[in-house]
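# Structure assessment
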Amino acid sequence: MLRDTKLPFTNMEGQMAKASSTEQAKTKPRARNARPKIERAALKLFIHEGIDAATTREIAEKAGVSEGALYRHYKGKDELALSLFMETHNRLGAMMAEALTGDGSLEEKVHAAVKAYCELADEDFLLFSFHLVSLNRFLPYDKRRDDDPVSITEKIIAGLMSEGHIPKGDPALKAAMALGVVMQSGQNKIYNRLPGPFSQHADAMCRAVMCVLKS
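What you are looking at is a predicted structure, and each value in this text was computed from that prediction instead of being measured.

### Some details on the pattern of salt bridges
Scanning all chains against the criterion turns up 4 salt bridges. Taking the shortest distance from any N to any O, the salt bridge between arginine 35 and glutamate 39 comes out at 3.4 Å. Of this pair, arginine 35 and glutamate 39 are both found in helix α2 (residues 34-49), 4 residues apart, which corresponds to roughly one turn of the helix. In this structure, arginine 137 and aspartate 52 form a salt bridge, with 3.0 Å as the shortest nitrogen-oxygen distance. Here aspartate 52 lies in the loop between α2 and α3 (56-63) and arginine 137 lies in helix α8 (residues 135-138), a separation of 85 residues in the sequence. Looking at arginine 137, the relative accessible area reads 27%, which means it is partly exposed. Of the residues examined, aspartate 52 reaches a relative accessible area of 60% and is grouped as exposed.

### Observations concerning the confidence of the model for the protein
Taken residue by residue, the protein gives an average pLDDT of 86. The fraction at 70 or more is 83%. The weakest mean pLDDT in the protein belongs to helix α1 (residues 12-27) at 47; the strongest belongs to helix α11 (residues 202-214) at 97. Low confidence marks residues 1-27, where pLDDT is under 50. Its contacts with residues over four positions away, or in another chain, come to 42 contacts.

### Some thoughts on a nonpolar patch on the surface
A cluster of nonpolar side chains, namely Ile47, Val133 and Tyr191, defines an oily patch on the protein surface of about 270 Å² accessible area. Here isoleucine 47 is to be found in helix α2.

### Some remarks on the packing of α2 against helix α7 (residues 125-133)
Running from N to C, α2 and α7 point in directions that differ by 45°, and their axes come no closer than 10 Å. Classified by the interaxial angle, the pair formed by α2 and α7 is oblique. For the pair α2 and α7, the sense of crossing is left-handed. Residues Arg40, Leu43, Lys44, Phe46 and Ile47 of α2 form the contact with α7, whose own contacting residues are Leu126, Leu127, Ser129 and Phe130. Residues belonging to the contact of α2 with α7 are distributed by class as follows: 6 nonpolar, 1 polar and 2 charged.

### Focus: helix α10 (residues 171-190)
When the terminal C-alpha atoms of α10 are compared, their 28 Å separation across 20 residues agrees well with the 28 Å that a helix rising 1.5 Å per residue should span. When the local axis directions of α10 are compared, the greatest deviation, roughly 35°, occurs at glycine 180. Every buried residue belonging to α10 is among Lys174, Ala175, Ala178, Leu179, Val181, Val182, Ser185, Gly186, Lys189 and Ile190, and all of these are buried. Between the side-chain oxygen at the start of α10 and the backbone nitrogen of alanine 172 there is a gap of 3.0 Å, and the oxygen is on aspartate 170.

The rules we used
Residues numbered from 1 in each chain as written. Predicted model: local features only at pLDDT ≥ 70, side-chain atom pairs only at ≥ 80, totals over all residues. Heavy atoms only, no water. Salt bridge = Lys/Arg side-chain N within 4 Å of Asp/Glu carboxyl O. Helix = DSSP H or I, 4+ residues; strand = E, 2+ residues; numbered from the N terminus. Buried < 20%, exposed > 50% of the residue type's maximum accessible area, 1.4 Å probe, protein only. pLDDT = per-residue confidence, 0-100. Contact = heavy atoms within 4.5 Å. Patch = residues over 30% accessible without salt bridge, like charges linked within 9 Å, V, L, I, M, F, W, Y side chains within 5 Å. Areas by Shrake-Rupley, 256 points an atom, 1.4 Å probe, with all protein chains shown as cover. Axes fitted to C-alpha atoms, helices over the stretch in contact; angles between N-to-C directions. Parallel < 35°, antiparallel > 145°, perpendicular 65-115°, else oblique. Left-handed = near helix turned anticlockwise from the far one by under 90°. Nonpolar A, V, L, I, M, F, W, Y, C, P; charged D, E, K, R; others polar. Expected span 1.5 Å × (residues − 1). Bend = angle between axes of the 7 residues up to and from the residue. Polar contact = N/O pair within 3.5 Å; in protein donor to acceptor, adjacent residues only side chain to side chain.

Right, here's the structure in full:
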């Protein structure tokens, strides 16, 4: 799931928590299916308290498992946070590639991409929210690759320009503007400024993206 991404963090908590987690493991039975419980608990704490403020002890307590259970799956909260971010980031890359290289007109492809993005948000809004609010933290450490969402969008836009489907310009700038339509809308949804499921706004966002591409 993390591909070859190298963690930029040092596990400051890991050594400090080993002794206490060992003691907890002696008194607390090993939880079954601990990993999904840990991940959901971490998402809630990361969003509401922030990654820096949350601790492995808090995550374990909220998940109803021992701190040792967390360390059996992750080296610490930083690896856990990056894992959760990359899970959505990689899915977005695959989704964008599938939608924008499929059959149909340009507008149909854009609509498919926007609709898929919205459906991903509605499917697991907690994970989607964490990815969106964590972009500034984690993207600088994600090595640029051909299959990340931004690179895919830039490449497809460059192709559309060379084929004469949209006006020529800077593919990177147009990609940023097009992605900004859905990402800023996603931010507003997180802050309760957009009503209902995110998917109900797909048509309006699609029209906005088309205006950007044709400008």
